[in-house]
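An overview of the molecular structure
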Amino acid sequence: MSKVLIIGGGVAGLSAGIYARLHGHEAVVCEKHTIPGGNLTGWSRGEYHIDNCIHWLTGTNPSSALYEMWVELGALGNGIGVVQGNSLITCERDGKSMSLYCSLDKIKAEMLALSPEDEREIKRFINAIELVMALDHIAGEDCNEGITLPRLLRGIGPALKYYKLTTGQLAKRFKSPALQCFITGFWGHDFGAYALLFVFATYCGRNGALPKGGSLKMAERMTERFKSLGGALKLKKEAVRVNLDGNRAVSVVFADGSIESADYIVMTTDAAITFGKMLDRPMPEKLKKLYDDPRMRRFSAYHTAFACDLAELPFEGDLIFDVPKEYVDILHTEQVILREFSHEPSYAPEGKNILQTMTFCFEKDCNEFIRLRREDKEAYKAKKEQLSSILQMLIEEHCPSLRGRLTIIDVWTPASYERFIGSQVGSFMSFALPESYIPVCLDGSDTGVDNLLLATQWQQSPGGLPIAAECGKKAIETISEIEKKKQRSKKS
């Protein structure tokens with residue numbers, strides 16, 4: 001049995017630890033914070049719970065390819081409920097709204113009602129979503145039907161047209177401002193449009209629900225799964241250096257001065273932090289190419305959380321609405337994403353709710369938040385107060401029933417992510433998915449060190465929970481294959 005030392009206790013690290021035990025290896029997960037989970041976390045502010053991570057979890061449909069992995073990891077299955085709302089997100093513009101419903105027929109009907117002149121483009125869009133659903137085996141009335149060859153041949157050509165478009169370019173194909181908002185509301189104008197097909201297909205195929213209890217509870221379930229298999233979890237263990245002996249990693253030095261040795265070391269951290277800081281080796285060429293590609297933009301977000309003294313909310317799920325022009329430069333966005341959590345009654349006292357905003361930002365703005373926190377904490381605090389004040393005002397203007405009902409309880413920014421998970425620009429995912437780009441997962445064993453592997457969402461755009469978990473699984477499968485080859489070699 002080989003000893004596998006895993007640096008980082010987020011989803012990738014817990015996945016690697018669980019699969020290491022399932023493959024018969026000794027597994028030690030070291031996490032620098034007081035709790036595991038990484039981005040998959042939440043925290044309390046008084047009587048309110050703030051959920052940091054899951055907007056939808058890909059893989060909640062038992063017919064999908066990912067579901068079995070989530071069950072093996074303890075995240076789903078065994079009676080763990082999921083919440084599938086009537087709609088995931090609603091975009092409002094000029095008094096009109098459009099929602100991402102769990103019913104594709106309902107989406108099509110509402111799009112046609114909003115803009116009958118866009119009928120041809122709408123039907124193309126819906127057909128492409130249906131194709132993606134079938135490819136993932138989540139099509140049909142019961143969301144469990146796969147693809148047929150005639151359907152694939154008939155639909156693949158039209159669907160591939162979305163591959164070359166950005167979300168902004170796709171939005172311009174529609175005449176309705178509400179539909180344009182609907183297309184760009186998720187990630188703005190510069191994301192690959194084909195990513196939208198997967199989001200819509202996932203939700204309409206009942207494959208993007210919310211696991212009961214939210215992000216923190218899911219992390220706790222994965223942690224318990226790891227421990228129940230005999231894995232060792234060490235908290236408050238911040239890795240600072242990997243010791244090498246020739247072309248092998250022999251141990252890891254931690255901030256507390258302790259040293260842990262292992263047969264294999266799995267790094268789940270941002271590769272920009274791993275190479276050149278913890279590991280005295282240059283970043284592998286393929287990975288460096290990914291980081292240096294100007295199309296592969298790194299991003300994060302700043303968030304606000306409000307206690308809401310109101311039982312009945314004027315919207316469900318996520319609400320997106322436009323920011324007045326005079327506030328666009330201050331907020332670094334053209335749209336506000338406002339989220340409610342009424343599906344989790346324990347998140348707020350009875351008769352009340354918690355509301356959160358999320359505003360995406362790219363590297364320049366991310367680095368400014370990080371710089372402010374490091375160099376001028378008072379200015380950083382003032383910036384957060386300014387953002388929360390403006391956002392509260394805009395929310396109350398857009399939803400009059402919330403006026404006087406909101407109290408700010410927290411603000412967190414890319415600087416918070418940079419401090420908590422150690423990613424270089426405060427990224428909580430890897431890279432924004434551009435148009436005309438096929439995301440391929442880079443080989444985690446291609447590190448330049450024989451027994452050191454990567455298991456990190458930065459191996460593939462756009463990152464996220466499923467990619468992190470799959471990378472953890474793949475790293476252990478690689479280690480197990482290496483060990484099997486060694487055993488075969490000994491026998492021969």
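Now for a look at the structure at hand. (Residues numbered from 1 in each chain as written. Predicted model: local features only at pLDDT ≥ 70, side-chain atom pairs only at ≥ 80, totals over all residues. Heavy atoms only, no water.)

Quick word on the sheet that holds strand β12 (residues 259-261)
Pairing is antiparallel across the open sheet formed by three strands, whose spatial order is β10-β11-β12. Sheet topology places β10 (239-245) and β12 at the edges, where each strand pairs with a single neighbour. Each strand axis lies, on average, 25° off the axis of its neighbour in the sheet, ignoring direction. Across six bridges, β10 lies against strand β11 (residues 248-254) in antiparallel orientation. Bridge pairing in β11 places Leu244 opposite Ala249. (Pairing = 2+ DSSP bridges. Helix = DSSP H or I, 4+ residues; strand = E, 2+ residues; numbered from the N terminus. Axes fitted to C-alpha atoms, helices over the stretch in contact; angles between N-to-C directions.)

Quick notes on the layout of surface pockets
The gaps left among the atoms become clear once a water-sized probe is rolled over them. Approximately 580 Å³ is the volume found for the second largest pocket. If you go around the second largest pocket, you meet 27 residues; those closest to its centre are Trp187, Gly188, His189, Thr333 and Glu334. No other element matches strand β17 (residues 353-362), which puts five residues into the lining of the second largest pocket. Of the residues belonging to the lining of the second largest pocket, the class tally is nine nonpolar, ten polar and eight charged. (1 Å grid on protein atoms, 1.4 Å probe; cavity = no way out; pocket = protein on both sides within 12 Å on 5 of 7 lines; lining within 4 Å. Points joined across faces, edges and corners; volume = space filled by probe spheres on them. Nonpolar A, V, L, I, M, F, W, Y, C, P; charged D, E, K, R; others polar.)

What about the nonpolar core?
One finds Leu100, Ile107 and Ile265 to be the most contacted residues of the largest nonpolar core, which totals 95 residues. When neighbours within four sequence positions are excluded, Leu100 is seen to be in contact with Asn86, Ser87, Leu88, Ile89, Ile107, Phe182, Phe186, Val199, Phe200, Tyr203 and Cys204. One finds Ile6, Leu40, Met222 and Ala475 within the second-largest nonpolar core, a separate group that totals 38 residues. (Core = buried A, V, L, I, M, F, W, Y, C linked by side-chain atoms within 4.5 Å. Buried < 20%, exposed > 50% of the residue type's maximum accessible area, 1.4 Å probe, protein only. Contact = heavy atoms within 4.5 Å.)

Re helix α4 (residues 119-135)
At 3.6 residues per turn, the α-helix brings residues three or four places apart onto the same side. Between the first and last C-alpha of α4 there are 24 Å, a value that for 17 residues agrees with the 24 Å anticipated at 1.5 Å per step. When we look at burial in α4, the residues that qualify are Glu121, Ile122, Phe125, Ile126, Ala128, Ile129, Leu131, Val132, Met133 and Ala134. Tucked inside the fold, the buried residues of α4 contact α3 (104-114), α5 (149-160), α6 (167-171), α7 (177-184) and α8 (194-204). In the stretch just after α4, His137 is the one whose phi turns positive, near 65°. (Expected span 1.5 Å × (residues − 1).)

Thoughts on the pairing of strand β2 (residues 26-31)
Among the six residues that make up β2, five are buried, leaving the element largely enclosed by the rest of the structure. Bridge count for strand β1 (residues 3-7) against β2 is five bridges, and the pairing is parallel. Bridge assignment links Lys3 to a residue of β2, and that residue is Glu26. Between the parallel elements β1 and β2, the chain passes through helix α1 (residues 11-22) in a crossover that is right-handed. As judged from the four bridges shared by β2 and strand β9 (residues 232-235), these two strands associate in the parallel manner. When the bridges of β9 are listed, Val28 appears paired with Ala232. (Right-handed = clockwise from strand over helix to strand, strands pointing away.)

Description of the sheet that holds strand β16 (residues 335-340)
Read from one edge to the other, the open sheet built from seven strands follows the order β7-β6-β15-β16-β17-β14-β18, with strand pairing classed as mixed. Single-partner strands in this sheet number two, and they are β7 (96-101) and β18 (406-412). Averaged over all adjacent pairs, the angle separating strand axes in this sheet is 20°, with direction ignored. Together, β6 (87-93), β7, β15 (318-322) and β16 form the strand contacts of α7, whose direction differs from that of β6 by roughly 135°. Its contacts with the sheet put α8 on β6 and β7, and the angle it makes with β7 is roughly 65°.

Considering the side chain of Arg221
Among the structural elements, Arg221 can be located in helix α9 (residues 214-228). No salt bridge is formed by the buried Arg221. Its closest oppositely charged neighbour is Glu220, at 7.3 Å. (Lys, Arg positive; Asp, Glu negative; His and termini not counted. Salt bridge = Lys/Arg side-chain N within 4 Å of Asp/Glu carboxyl O.)

Points about the packing of aromatic side chains
Here the structure, examined in full by the defined rule, presents 14 aromatic pairs. An angle of 55° between the planes, with centres 6.1 Å apart, marks the rings of Phe125 and Tyr162 as tilted. Taken together, the residues span a long stretch of sequence, with Phe125 in helix α4 and Tyr162 in the loop between α5 and α6 at a distance of 37 residues. Relative accessible area serves as the criterion here: at 3%, Tyr162 is assigned to the buried category. When the centroid spacing of 6.4 Å and the interplanar angle of 85° are considered together, the rings of Phe191 and Phe299 count as edge-to-face. Of this pair, Phe191 sits in the loop between α7 and α8 while Phe299 sits in strand β14 (residues 299-308), and the two are 108 residues apart along the sequence. We classify Phe299 as buried; its relative accessible area is 3%. Each residue in the set Phe191, Phe299, Phe360, Phe362, Tyr417 and Phe428 is aromatic and connected to the rest through ring pairs, giving one cluster. (Phe/Tyr/Trp six-rings, centres within 6.5 Å; stacked < 30°, edge-to-face > 60°.)

Details of the pattern of salt bridges
All chains considered together, the criterion is met by 21 salt bridges. Asp292 serves as the salt-bridge partner of Lys288, at 2.6 Å between the closest nitrogen and oxygen. Linking Lys288 with Asp292, this pair stays in helix α11 (residues 285-292), spanning four residues, or about one helical turn. Overall, the relative accessible area of 48% leaves Asp292 in the partly exposed class. In this structure, Glu483 engages Lys486 in a salt bridge whose closest nitrogen and oxygen atoms are separated by 3.4 Å. With Glu483 and Lys486 both in helix α16 (residues 465-491) and three residues apart, this pair spans about one turn of that helix. On the accessibility criterion, Lys486 (38% relative accessible area) is partly exposed.

Some remarks on the state of the cysteines
Tallied over the entire structure, the rule returns zero disulfides. Cys441 takes part in no disulfide bond, and the closest cysteine sulfur, belonging to Cys471, lies 3.6 Å away. The class for Cys441 is partly exposed, based on a relative accessible area of 23%. (Disulfide = S-S within 2.5 Å.)

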